[in-house]
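Analysis of the macromolecular model
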Amino acid sequence: MSLVRALLTAGRSALAERGGVAAIRPFSRALAQPVRITFVDKDGSEVPVDAPVGKSLLEVAHENDIELEGACDGSLACSTCHLILDEVSFKKLKAPEDEELDMLDLAFDLRKTSRLGCQVKVSPELAGMRCQLPAGTNDMQQQ
């Protein structure tokens, strides 16, 4: 089977009926396998999870009962979903936007590989990523 035929077949199988209108999910989502990511808690315990491609690290943490706060529900208005990423994974990400950098300035225990979990989307390239939860958070909304 040719690659084109395989993709078309996969696309047809990804059709979803919604309100009588057929919509095709993007091939990347329809074909993507979950990505193994490890969260490292404040006490050093490791929690490996299978993260769906396209979800934010904050969403993945919440879905797996990882204590990553996210006080603003991912609206980029706090720094409580601050994570410290492994250097290899950090380098694979696009540079953070200015708004994220502004919020990171408020984060507790800021490191050179710090990112906000609400701004990092899971992608296949991030397989094997390790995300360290910092020792604490600064919740400016509570002050």
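First, a word on scope: everything that follows refers to the structure included in this document. Computed from a predicted structure; not experimentally measured.

Residue alternation in strand 5 (residues 82–85) divides its side chains into two sets, H82 and I84 and L83 and L85, and both sets are buried. Taken together, the three bridges between strand 5 and strand 6 (residues 114–116) define a ladder with antiparallel strand orientation. Of the residues in strand 6, the one forming a bridge with L83 is R115. Sheet topology note: the strand 5/strand 7 (residues 130–132) ladder contains two bridges and is antiparallel. Bridged to I84 within strand 7 is Q132.

This part covers the sheet that holds strand 7. Spatially, the five strands line up as an open sheet ordered 4-3-7-5-6, and their pairing is mixed. Looking at which strands have only one partner, the edges of the open sheet turn out to be strand 4 (46–51) and strand 6. With direction set aside, neighbouring strand axes in the sheet form an average angle of 35°. For strand 3 (residues 35–40) and strand 4, the ladder comprises six bridges, and the chain directions are antiparallel. What sits directly across from T38, in strand 4, is P48.

What counts, and where the lines are drawn
Residues numbered from 1 in each chain as written. Predicted model: local features only at pLDDT ≥ 70, side-chain atom pairs only at ≥ 80, totals over all residues. Heavy atoms only, no water. Buried < 20%, exposed > 50% of the residue type's maximum accessible area, 1.4 Å probe, protein only. Helix = DSSP H or I, 4+ residues; strand = E, 2+ residues; numbered from the N terminus. Pairing = 2+ DSSP bridges. Axes fitted to C-alpha atoms, helices over the stretch in contact; angles between N-to-C directions.

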